[in-house]
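As a plain string of letters, each chain reads:
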Amino acid sequence: MGAYTGKLARINLTAGEIKIEKLDPELAKKFIGGRGLGAKMMYDEGIATVDPLSAANKLMYVTGPLTGTQAASTGRFMVVTKSPLTGMIACSNSGGVWGAKLKYAGWDAIIVEGEAADWSYISVDDDKIEIHNAKEYVGMKSVAIDNVLRDKYGEDASVLNIGPAGEKKVLLAAIMNDKDRAAGRSGVGAVMGAKKLKAIVVKATKKVVDNIADPEGFKVANQKAREALKGCGVTDSGLRELGTASLVNAINGIGAFPTRNWQGSYYEKADDISGETLAEKHLVKNSACHRCSMACGRVVKVNGEVCGGPEYEPLWAYGADCDCPDLTVVNEANMLCNEYGLDAISVPCTIAAAMELYQRGYIKDEECDGVPLTWGNPKALVEWTKRMGDPETELDWLMSSGSARLCEHYGHPEFSMSVKKQELPAYDPRGIQGIGINYATSNRGGCHVRGYTVSQEVLGLFEQPIDRTTIDGRSEMAKNYQDLNSVVDSLGVCTFTSFAMRAPEFAAVLSTATGNNYTVEEMLLAGERIFNMERMFNKAAGMDPSEDTLPKRLTDEPVVDGPSKGMVNKLDESLPMYYEARGWVNAFPTDETLKRLGLDEYIGK
């Protein structure tokens, strides 16, 4: 099977059983791996209709065919499950080295079922998989258990775990690996906590995936891909020098940088939280995931301790969205998200929503337990992150459940800047029309990376920048970006490679690695198939067509400040065009579309 190992491990925590299964070559070809294979297995196994926090849900850790190979940026894996936050498909991506080591150990995926009678962890050492008691590790934060398990299993082990948030089944809980890498979104950590699974530690003898179908062809294809990465300013030097925080001044400069829970879109103090300021005043060094030349990770010091630093999203969310232009505070709050195992987008965005509720008098002082939710309050950002990671009071629990549930509780759902109950990231779609279509139609809820139209609308990659304010051609663009991202997430490579690599480069590397000879059209069709498979999972899970939408603030309230002043998102016009481009009616694929994609043989069976 070329770069696939051909093996899956199915671990039933209820029964304490471990079974080895073969990977179906036909499914691998149609759904590639990672996100695609995970979505297909989740649908086939009837998970769409189960309670996400019940033993009936399944938790899949899925590598891609390129994970661990000599291709560029191949440290990625996907965590796929049913989300307790959205009630829909969850497919959360992480980097570091854990995914590559799982592949080196000989596994394409681990499928976790059931619920342990007591807290447990799993060890993987090549072919040997064992379930152990984890009672002594309960309550440990992410870095602590990472250190303890690597002390036990060796420095070459890689540890994936949940922190206190996951243990308490907090809906914003992340799964952490390699200390500061996160499968961060959609509450996947809560599912792991519901299964009483504290960690998975992986060791492997192999150091590289060497079962490449066409080694010489793969070498040539990989060289061309690396040349593309080197020829792009973003992937060659931009991300290495400033990390994802390089976007702060760029997005603020066009007036699409949300402030105070999206009441504004331009932040006068943006430079104080920019990538340039982070590099000048706080950066210890940069860091890289497995076999990645971009090295976009930031390493900083918090209270004298070296730790992983913030990406663009938490810089924005704790900074502009909560109106706190102090990088020292942002660094600490971001570190706490990693320690407690929290989504570093949804947590600060929920704090921002709470600050607006407090501003308008809906949250009262007596509910705040001595830490008022005032804009820019450094103590509030730090303390409420801790409380959301280990909730006790009613407000702690409400906030740890996300802004949608919080705002609904107070009778003002309009202040939740979320789609399908997942908080939106740091690009105001009133000033960037295409990203709004992607937000509204993302299968996992509010998300930018599922179809990053910002690449062309703002960054001007591949060609001259296009008009970010028009909806002309944006529906087709959003679809195309979503289909390509479905491929990239399934390959096991970093989505940032798509800033430089185009579809022919991806198809060449995939084909030579696996021996499945994809044309560009066949590969992109696989991406479209994956996106539609996820949509059919959501339909089975009970998704309502009305959930393909944006918060009313973004469609009805014009931007009040900055270069995008006066703009709204025109989703009412663009969404019907998107459905037409997709071959959907009322949010779901038609029978003809399912047949064209070869999904008719699976759906409803």
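Calculation notes
Residues numbered from 1 in each chain as written. Predicted model: local features only at pLDDT ≥ 70, side-chain atom pairs only at ≥ 80, totals over all residues. Heavy atoms only, no water. Salt bridge = Lys/Arg side-chain N within 4 Å of Asp/Glu carboxyl O. Helix = DSSP H or I, 4+ residues; strand = E, 2+ residues; numbered from the N terminus. Buried < 20%, exposed > 50% of the residue type's maximum accessible area, 1.4 Å probe, protein only. Pairing = 2+ DSSP bridges. Axes fitted to C-alpha atoms, helices over the stretch in contact; angles between N-to-C directions. Core = buried A, V, L, I, M, F, W, Y, C linked by side-chain atoms within 4.5 Å. Expected span 1.5 Å × (residues − 1). Contact = heavy atoms within 4.5 Å. Patch = residues over 30% accessible without salt bridge, like charges linked within 9 Å, V, L, I, M, F, W, Y side chains within 5 Å. Areas by Shrake-Rupley, 256 points an atom, 1.4 Å probe, with all protein chains shown as cover. Lys, Arg positive; Asp, Glu negative; His and termini not counted. Charge placed at Lys NZ, Arg CZ, Asp CG, Glu CD. Polar contact = N/O pair within 3.5 Å; in protein donor to acceptor, adjacent residues only side chain to side chain. Parallel < 35°, antiparallel > 145°, perpendicular 65-115°, else oblique. Left-handed = near helix turned anticlockwise from the far one by under 90°. Nonpolar A, V, L, I, M, F, W, Y, C, P; charged D, E, K, R; others polar.

> Would you mind going over the pattern of salt bridges in detail, with residue names and values included?
Tallied over the full model, the rule gives 37 salt bridges. Where K196 meets E115, a salt bridge forms, and the shortest distance between an N and an O atom there is 2.9 Å. In this pair, K196 sits in the loop between α6 (188–194) and β12 (197–203) while E115 sits in the loop between β6 (109–113) and β7 (120–125), placing the two residues 81 residues apart along the sequence. Among the ionic pairs, R553 bridges to E557, the shortest N-O distance being 3.5 Å. For R553, a relative accessible area of 6% translates into the label buried. By relative accessible area, which is 39% here, E557 ends up partly exposed.

> Run through the sheet that holds strand β14 (residues 297–302), naming residues and quoting values.
Across the sheet, three strands lie side by side as β13-β14-β15; this open sheet has antiparallel pairing. Edge positions in the sheet fall to β13 (283–287) and β15 (305–308), since each has one partner strand and no second. Averaged over all adjacent pairs, the angle separating strand axes in this sheet is 30°, with direction ignored. Here β13 runs beside β14; their pairing, made up of four bridges, is antiparallel.

> Any details on the pairing of β6? Residues and values, ideally.
Counting buried positions along β6 gives five out of five residues, so the element sits mostly inside the fold. Of the two faces of β6, the one lined by A109, I111 and E113 and the one lined by I110 and V112 are each fully buried. Relative to β6, strand β1 (residues 7–12) runs parallel, the two sharing five bridges. By the bridge assignment, A9 is partnered in β6 with I110. Across four bridges, strand β3 (residues 59–63) lies against β6 in antiparallel orientation.

> I'd love a proper account of the nonpolar core, names of residues and values included.
Within the largest apolar cluster, 202 residues are counted, with the highest numbers of intra-cluster contacts made by Y61, F257, I351, L373 and Y427. When residues of this core are assigned to their parent elements, the largest contribution, nine residues, is made by helix α13 (residues 346–359).

> Please give an account of helix α23 (residues 571–582) that cites residues and values.
Across its 12 residues, α23 extends 16 Å between first and last C-alpha, which sits within 8% of the 16 Å expected from 1.5 Å per residue. The secondary structure elements touched by the buried residues of α23 are α17 (433–441), α19 (474–491), α21 (520–541), α22 (552–556), β18 (584–585) and α24 (591–596).

> Before we move on, could you go through the sheet that holds strand β11 (residues 181–183) and cite the residues and values that matter?
In space, the six strands of this open sheet follow the order β8-β7-β12-β9-β10-β11, with mixed pairing throughout. Bordering the open sheet on either side are β8 (128–133) and β11, each of which pairs with just one other strand. Averaged over all pairs of adjacent strands, the angle between strand axes in this sheet comes to 20°, irrespective of strand direction. Bridge count for strand β9 (residues 158–161) against β12 is four bridges, and the pairing is antiparallel. Bridge pairing links L160 to I200 in β12.

> Hey, could you go over a negative patch on the surface for me, with residue numbers and the actual values?
Together, D271, D272, E276, E280 and D326 give the surface a local cluster of negative charge. Here D326 shows up in the loop between α11 (312–318) and α12 (327–340).

> Residue-level account of α12, with values.
With 14 residues, α12 extends 20 Å between its outermost C-alpha atoms, agreeing within 8% with the 20 Å of an ideal straight helix rising 1.5 Å per residue. Among the 14 residues of α12, 13 are classified as buried, and the element is accordingly described as predominantly covered. The opening residue of α12 is D326, an N-cap whose side-chain oxygen sits 3.0 Å from the backbone nitrogen of T328. Following α12 by one or two positions, G341 has its phi on the positive side, about 75°.

> Kindly report on the packing of helix α7 (residues 215–230) against helix α20 (residues 503–514), identifying the contributing residues and their values.
At a closest axis distance of 8 Å, the pairing of α7 and α20 adopts a crossing angle of 155°. Considering their axes alone, α7 and α20 lie roughly antiparallel with respect to each other. The element α7 and its partner α20 pack so that their crossing is left-handed. Note on element contacts: α20 touches α7 through E505, A508, V509, T512 and A513, opposite G217, F218, A221, N222 and A225. In terms of residue class, the contact of α7 with α20 is made up of six nonpolar, three polar and one charged.

Read these as geometric descriptors, not functional statements.
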